[in-house]
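Commentary on secondary and tertiary structure
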Amino acid sequence: MKKLFFLGLLSIGFALNSNAQEVSENALGLRLGDSDGFGAEISYQRALGRNMNRLEFDLGWRDNNNFDAFKLTGLYQWVMPIEGRFNWYVGAGGGIGSVDFNDDRFDDDNDGAFIFAAGDIGIEYNFDIPLLLSLDFRPELGLVGYDGFDDDFDFDIALGIRYQF
C-alpha cells in the first residue's frame, strides 16, 4: 500500500512539473458516443488560465420514435501531458436533462427531468492543425429525477472531434 501511495504521489508531481504544450483557449466540436440514447453532443471546451485546466460543456439530444430527450453536461477537467502531443485528463461535474417517452410500452408515464453527477477520464491528441481528437469514459450517476432514474448508473464512452481556436 505504501508503494502504491508513493507511486501515485510521484506521478502527480511529474505531471505538475512537466512543460508540455498548452491547452487551446477554445475548442468546439462533436462528442460521439452512446449512453441511454444520447448518440451525439455538441461540445465546447474553454481553457482556464495557464495551468492546463479547462471547462467542458456538452449539449446532447435525441429524437426518435420511442422518446425525445436532451442532456446538458458541465465538467471541470485537469489536463496532464503524456508525451509529444498526447494529453490525458480527468474531470468531475454534472448536469441536467429531460426525457419524454412516446412509446405505448411505457404506460406508466415515466418521463420528466433529471439531475446527474458525472466523472470523466480520457486521452487526447493535439494535431499540428487546429484539430483535437479525444477518447473518454464518463460514468454518470442519476441523483434526482423521474421514477427509475434517480438511482441510475450509466457508462458513456465517446470519441470527441473538436476544432481549436
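How each quantity is defined
Residues numbered from 1 in each chain as written. Predicted model: local features only at pLDDT ≥ 70, side-chain atom pairs only at ≥ 80, totals over all residues. Heavy atoms only, no water. Helix = DSSP H or I, 4+ residues; strand = E, 2+ residues; numbered from the N terminus. Buried < 20%, exposed > 50% of the residue type's maximum accessible area, 1.4 Å probe, protein only. Contact = heavy atoms within 4.5 Å. Areas by Shrake-Rupley, 256 points an atom, 1.4 Å probe, with all protein chains shown as cover. Pairing = 2+ DSSP bridges. Axes fitted to C-alpha atoms, helices over the stretch in contact; angles between N-to-C directions. 1 Å grid on protein atoms, 1.4 Å probe; cavity = no way out; pocket = protein on both sides within 12 Å on 5 of 7 lines; lining within 4 Å. Points joined across faces, edges and corners; volume = space filled by probe spheres on them. Nonpolar A, V, L, I, M, F, W, Y, C, P; charged D, E, K, R; others polar. Phe/Tyr/Trp six-rings, centres within 6.5 Å; stacked < 30°, edge-to-face > 60°. Salt bridge = Lys/Arg side-chain N within 4 Å of Asp/Glu carboxyl O.

**Side note on the overall build of the chain**
In terms of helices and strands, the chain carries 1 helix and 8 strands. Within the chain, buried positions represent 38% of all 165 residues. A sequence separation of at least 24 residues applies to 52% of the contacts in the chain between residues at least 6 apart. Counting every atom, the chain has about 9,800 Å² of accessible surface; 63% of that belongs to carbon and sulfur.

**Some remarks on the sheet that holds strand β3 (residues 53-63)**
In spatial order, the strands read β1-β2-β3-β4-β5-β6-β7-β8; together these 8 strands close into a barrel with antiparallel pairing. The sheet shows a mean angle of 25° between the axes of neighbouring strands, direction not considered. Pairing between strand β1 (residues 26-34) and strand β2 (residues 40-48): 7 bridges, direction antiparallel. Within the sheet, the bridge partner assigned to Gly-29 lies in β2 and is Ser-43.

**Describing the side chain of Asp-58**
On the secondary structure map, Asp-58 appears in strand β3. Not counting residues up to four positions away in its chain, the partners in contact with Asp-58 are Arg-31, Glu-41, Ile-42, Ser-43, Tyr-44, Lys-71, Leu-72, Thr-73 and Arg-138.

**A closer look at empty space enclosed by the protein**
For the structure on display, the rule yields 1 cavity of 30 Å³ or more. Each pocket or cavity is described by its volume, and for the largest cavity that value is around 70 Å³. Among the secondary structure elements, those contributing two or more residues to the lining of the largest cavity are β1, β2 and β6 (112-126). A per-element tally of the lining of the largest cavity places β2 first, with 3 residues. Across the lining of the largest cavity, the residue classes tally to 4 nonpolar, 6 polar and 4 charged.

**What about the packing of aromatic side chains?**
For the structure shown, the criterion picks out 7 aromatic pairs. Both rings, one in Phe-153 and one in Phe-155, keep their centres 4.9 Å apart while their planes meet at 85°; by these two values the pair is edge-to-face. Assessed through its relative accessible area of 44%, Phe-153 is described here as partly exposed. Aromatic pair Tyr-163 and Phe-165: ring centres 6.0 Å apart, planes at 20°, arrangement stacked. On the basis of relative accessible area, Tyr-163 is assigned to the partly exposed category, the value being 48%.

**A word on the pairing of strand β5 (residues 86-101)**
Of the pairings in the sheet, the one linking strand β4 (residues 67-83) to β5 comprises 16 bridges and is antiparallel in character. Across the sheet, Leu-72 pairs through a bridge with Ile-96, a residue of β5. Linking β4 back to β5 in an antiparallel pair, the connection comprises 2 residues, with Gly-84 at a positive phi of about 60°. Relative to β6, β5 runs antiparallel, the two being bridged by 14 bridges. The residue of β6 that forms the bridge with Asn-87 is Glu-124.

**Observations concerning the pattern of salt bridges**
Counted by the stated rule, this structure contains 12 salt bridges. Residue Glu-140 is joined to Lys-71 by a salt bridge in which the shortest nitrogen-to-oxygen separation is 3.1 Å. Of this pair, Glu-140 sits in strand β7 (residues 131-145) while Lys-71 sits in strand β4, and the two are 69 residues apart along the sequence. Classification of Glu-140 as buried rests on a relative accessible area of 5%. Taking the relative accessible area as the measure of exposure, Lys-71 reaches 2% and is therefore buried. When salt bridges with common partners are traced through the structure, they connect Arg-31, Glu-41, Glu-56, Asp-58, Lys-71, Asp-136, Arg-138, Glu-140, Asp-156 and Arg-162 into a single cluster.

The values are spatial; any link to function lies outside them.
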